[in-house]
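Chain by chain, the residues run as shown.
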Amino acid sequence: MFFKTDTIEGEKVMEKSNLKSKTLYPVKTAESLLSHVSHQSYIKRIKELSSEFIEKEDGSFDDHYFDALYHDLIKSFAEMVQCLPDQTGREFYLNNALLRALWALESYTEKSKASPNRDGDIYPYAIYSAALLSQVGELFSDNQIQFVNENGLFMANWDPIEGYMTNFNCEWFRVYKIDKLPQEMIDQLTSIIAVKIIPDLGYQWLSQDRTILQWWYDALIDRKEKLGQFDIDLNLEKKFVERARLHELEIENVYPTEIMDIESFLEWMKKKLEEKNKLNQIDGFAYGTRRGYLVTEKSMRE
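Residues numbered from 1 in each chain as written. Predicted model: local features only at pLDDT ≥ 70, side-chain atom pairs only at ≥ 80, totals over all residues. Heavy atoms only, no water.

Concerning the pairing of strand β3 (residues 154–158)
1) Next: Relative to β3, strand β2 (residues 143–148) runs antiparallel, the two sharing four bridges. Bridge pairing in β3 links V148 to F154.
2) Next: Hairpin connection from β2 to β3: five residues lie between these consecutive antiparallel strands, with G152 at a positive phi of about 90 degrees. (Pairing = 2+ DSSP bridges. Helix = DSSP H or I, 4+ residues; strand = E, 2+ residues; numbered from the N terminus.)

A few points about the pattern of salt bridges
1) Next: Counted under the stated rule, the structure contains eight salt bridges.
2) Next: Notably, a salt bridge pairs K47 with D63, separated by 2.4 Å at the nearest N-O pair. Separated by 16 residues along the polypeptide, K47 in helix α3 (residues 37–51) and D63 in helix α4 (residues 59–81) bring together distant segments of the chain.
3) Next: The class of D63 is partly exposed, set by a relative accessible area of 35%.
4) Next: With its nearest N and O atoms 3.7 Å apart, the salt bridge here joins K226 to D233.
5) Next: When its relative accessible area of 35% is taken as the criterion, K226 is described as partly exposed.
6) Next: Classification of D233 as partly exposed rests on a relative accessible area of 31%.
7) Next: Several salt bridges converge on common partners, so that one network encompasses R45, E48 and E106. (Salt bridge = Lys/Arg side-chain N within 4 Å of Asp/Glu carboxyl O. Buried < 20%, exposed > 50% of the residue type's maximum accessible area, 1.4 Å probe, protein only.)

A look at the environment of L201
1) Next: Structurally, L201 can be placed in helix α8 (residues 200–207).
2) Next: Using a relative accessible area of 44% as the deciding quantity, one classes L201 as partly exposed.
3) Next: Between the C-alpha atoms of L201 and A68, which are 133 residues apart in sequence, the distance is 7.2 Å.
4) Next: Excluding anything up to four places from it in sequence, L201 contacts A68 and L69. (Contact = heavy atoms within 4.5 Å.)

A word on the environment of F66
1) Next: Within the fold, F66 resides in helix α4.
2) Next: Among all residues touching F66, those that are not within four sequence positions of it are I43, I46, K47, S50 and H71.

Describing α3
1) Next: For α3, built from 15 residues, the straight-helix expectation of 21 Å at 1.5 Å per residue is met to within 8% by its first-to-last C-alpha distance of 21 Å.
2) Next: What α3 keeps buried is the set S38, H39, Y42, I43, I46, L49 and S50. End-on view of α3: buried residues confined to an arc of 145 degrees, all on one side of the axis. Along α3, exposed side chains directed more than 90 degrees from the buried face belong to V37 and K44. (Expected span 1.5 Å × (residues − 1). Arc of directions from axis to C-beta.)

Focus on the confidence of the model for the protein
1) Next: Taken residue by residue, the protein gives an average pLDDT of 79. The fraction at 70 or more is 71%.
2) Next: Of all helices and strands in the protein, the one with the weakest mean pLDDT is helix α1 (residues 11–17) (39), whereas helix α7 (residues 183–197) scores best (96). (pLDDT = per-residue confidence, 0-100.)

Focus: the pairing of β2
1) Next: The buried fraction of β2 is high, at five of six residues.
2) Next: Pairing of β2 with strand β4 (residues 172–177) involves six bridges; the strand directions are antiparallel. Looking at β4, one finds that Q146 is bridged to R174.

Some points on the packing of aromatic side chains
1) Next: Tallied over the entire structure, the rule returns 17 aromatic pairs.
2) Next: An angle of 45 degrees between the planes, with centres 6.1 Å apart, marks the rings of Y65 and Y70 as tilted. Pair check on accessibility: Y65 and Y70 agree, each one buried.
3) Next: Aromatic rings pair up to connect Y65, F66, Y70, Y125, Y128 and W205 into one cluster. (Phe/Tyr/Trp six-rings, centres within 6.5 Å; stacked < 30°, edge-to-face > 60°.)

Description of the side chain of D222
1) Next: Take D222: it is sitting in the loop between α9 (210–220) and α10 (238–243).
2) Next: Although buried, D222 forms no salt bridge, and the nearest oppositely charged side chain, K224, lies 6.1 Å from it.
3) Next: What D222 contacts, discounting residues up to four positions off in sequence, is Q135, L227 and G228. (Lys, Arg positive; Asp, Glu negative; His and termini not counted.)

Section: the sheet that holds strand β1 (residues 25–26)
1) Next: As summarised here, the arrangement of the four strands in space is β1-β4-β2-β3, forming an open sheet in which the pairing is antiparallel. With partners counted over all chains shown, the strands left at the sheet margins are β1 and β3, one partner each.

Below, the structure written as structure tokens:
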């Protein structure tokens, strides 16, 4: 539907999407992240589906409706998640979430055609946005993102709660793995980030129906992948996967040699320090003091 190519399997895909702590990645705008023809075709498809639920026939209203609700949502989501990989490290989170949301919207469209009573245009928007933002907190639950300069030098830590990366005067970021947050905190983080991403107009619309709003919040953290009360199976069918593909994101990696050497040394030091039997021992590799560690010349040669 959007992009057809020979699928690259295995490590090559992982190398493209798996962020490494020694690698710098550019902060990109939504326009850049969604510039490929496959993403533009995706946006057109979402507009076609959403227009089926608009009661008015005025084309200008359709454009305003779509831009203010769906298109702004997609752009904000892209700028929040950037080129971060999914939990497998093999695919881009952005592409996976976009396709998941499309699948949910298409599934609802088919259900509504089979039902004589349509639920109104708020349902497809609630379902699409909930599917897109589903469990988004997981993405940031074990990743520490840092802003750096082009040489890899630290500038500041970034927290998704503070806003989009594009709002800060930084052009590069890197990612460190950290201990995963407890599930309860991840669920809370998902709700906070989702409200930050969804357009104000969209959230106000959902808030007009308290039942729908509650279902929307429940769907965001539904780990059964059914979107809660909306009852939309988020497991993509094989036929859908075969026809709906998005081009891999183009990212320009930077590998600052000096920073890589320093971090390799720090990783080596950490590993050695974990070997407590070699610390403060005769013929050991290092000695701990109140001011730090003294590393022996012998250990540096090993």
